[in-house]
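Architecture and fold: a report
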Amino acid sequence: MAFFRYLVLALVALSFQAHAQWQEGTHYERLGSNVSVAPSEEGIEVVEVFWYGCPHCYSLKPVIEAWEQDMADDVNFILLPAALGRTWEPHAYAFYASEALGAFDQTHDALFDALARDRRQLDTPEKLAEFLSGHGVDEEAFLKEYKGFGVKARVQRAQSVIRGARLTGVPAMLVAGKYKTNATLAGGHEAMMDVVDYLVEKERSERAQQ
């Protein structure tokens, strides 16, 4: 019994040490207001804010994909394209137009490779439509979605979330609409995802106590 009690206390101590590694204001920041992307959805929201032309986002991509394979069932992972400047906007529109067409799996890697890796100048809807036609996307259908109200509304919503989180660069991660972190705060891409896991567990624990 004494050994069991000692073991429990040791595990608790280790847990506190692990939690103490990630400090608010150092490794992550608490947001002033909730910026949930999909507040009606169940689960703990984790949002990656990215830009297809960002080399750091491109480097993070395999880390995110590995993390996504092992994420808990109660995590709702969302990709949010950043439109922090006018030159970024076409790519946010392309992301949502591709989603609307059910073509995300065909276009996501292709756009990252073209923009972040190859630095191609795909900066108009017409150039994007022509490029994506080589990946099985109908040009006319793409342009219709790109210029439609639904995609415009989703881009505006993404911009609102980014303003609310006071993001000035990518990649960044938002957790539960309450917290933000990035590689600079956390100390690298892998560490950033460790912070995300910590914040998910923090949110899960708080919800369990409500």
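Predicted model only: the values in this text are computed from it and were never measured.

Moving on: the overall build of the protein chain. From N to C terminus, the protein chain includes nine helices and five strands. Secondary structure elements of the protein chain occur, N-terminal to C-terminal, as α-β-β-α-β-α-α-α-α-α-β-β-α-α. In terms of overall dimensions, the protein chain has C-alpha extents of about 70 × 30 × 30 Å along its principal axes. Evaluated residue by residue, the protein chain yields a buried proportion of 42% over its 210 residues.

What follows deals with the pattern of salt bridges. For the structure shown, the criterion picks out 15 salt bridges. Close ionic contact of R207 with E203 constitutes a salt bridge, the shortest N to O distance being 2.8 Å. In this pair, R207 and E203 both sit in helix α9 (residues 189-208), four residues apart, roughly one turn of the helix. Salt bridges sharing partners connect three or more residues here, namely K178, K202, E203, E206 and R207.

It is the contact of helix α2 (residues 55-70) with helix α4 (residues 104-117), at a shortest axis distance of 9 Å, that shows an interaxial angle of 145°. Along this stretch, α2 crosses α4, giving a crossing that reads as left-handed. Contacts from P55, C57, Y58, K61 and E65 in α2 reach H108, D109, F112, D113, A116 and R117 in α4. For the contact of α2 with α4, a count of residues per class yields five nonpolar, one polar and five charged.

Within this structure, the stated rule accounts for 14 aromatic pairs. Summarising the aromatic geometry, the rings of Y28 and Y179 are spaced 5.7 Å apart at their centres and angled 85° between planes, so their arrangement reads as edge-to-face. Of this pair, Y28 sits in the loop between α1 (2-20) and β1 (29-30) while Y179 is found in strand β5 (residues 179-181), placing the two residues 151 residues apart along the sequence. Summarising the burial analysis for this pair, Y28 and Y179 share the class buried.

Let's shift gears to the nonpolar core. V49, F142 and L174 are the most contacted members of the largest nonpolar core, which totals 69 residues. Looking at which element gives the most residues to this core, the answer is α9, with eight residues. When near neighbours in sequence (up to four residues on either side) are disregarded, F142 contacts A94, A97, S98, L101, P125, L128, A129, L132 and V137.

The next thing to look at is the confidence of the model for the protein chain. Residue-level pLDDT values for the protein chain average 92, and 90% of them are 70 or greater. Low pLDDT, under 50, characterises residues 2-17; the stretch is placed with zero contacts to residues that sit more than four places away or in other chains.

What counts, and where the lines are drawn
- Residue positions within a chain follow its written sequence, with the count starting from 1.
- Reporting of local features is limited, given that this is a predicted model, to residues whose pLDDT is at least 70; pairs of side-chain atoms are given and counted only at 80 or more, and all residues count toward the totals for whole chains, interfaces and linings.
- Excluded from the side-chain calculation are hydrogens and water; included are all heavy atoms of the structure.
- Only runs of H or I of at least four residues qualify as helices and only runs of E of at least two qualify as strands under DSSP, and these elements are numbered from the N terminus.
- In this scheme, a residue with accessible area under 20% of its type's maximum is buried, one over 50% is exposed, and one in between is partly exposed, where area comes from a 1.4 Å probe on protein chains only.
- Between Lys or Arg on one side and Asp or Glu on the other, a salt bridge is scored when a side-chain nitrogen of the former is within 4 Å of a carboxyl oxygen of the latter.
- For helices, the fitted line uses only the C-alpha atoms of the stretch in contact; every axis is such a line through C-alpha atoms, and the angle between N-to-C directions lies from 0 to 180 degrees.
- Should the near helix be turned anticlockwise from the far one by less than a right angle, the crossing is left-handed, and should it be turned clockwise, the crossing is right-handed.
- Two residues qualify as a contact provided that any one of their heavy atoms is within 4.5 Å of a heavy atom in the partner residue.
- Gly is placed with the polar residues, together with every amino acid not listed as nonpolar (Ala, Val, Leu, Ile, Met, Phe, Trp, Tyr, Cys and Pro) or charged (Asp, Glu, Lys and Arg).
- Only Phe, Tyr and Trp rings take part, Trp by its six-membered ring, and two of them pair if their centres are within 6.5 Å. Stacked means planes under 30 degrees apart, edge-to-face means over 60, and tilted covers everything else.
- Within this scheme, the nonpolar core is defined by two criteria: the residues are buried Ala, Val, Leu, Ile, Met, Phe, Trp, Tyr or Cys, and they are joined through side-chain atoms within 4.5 Å.
- As a per-residue quantity, pLDDT reports the predictor's confidence and falls between 0 and 100.

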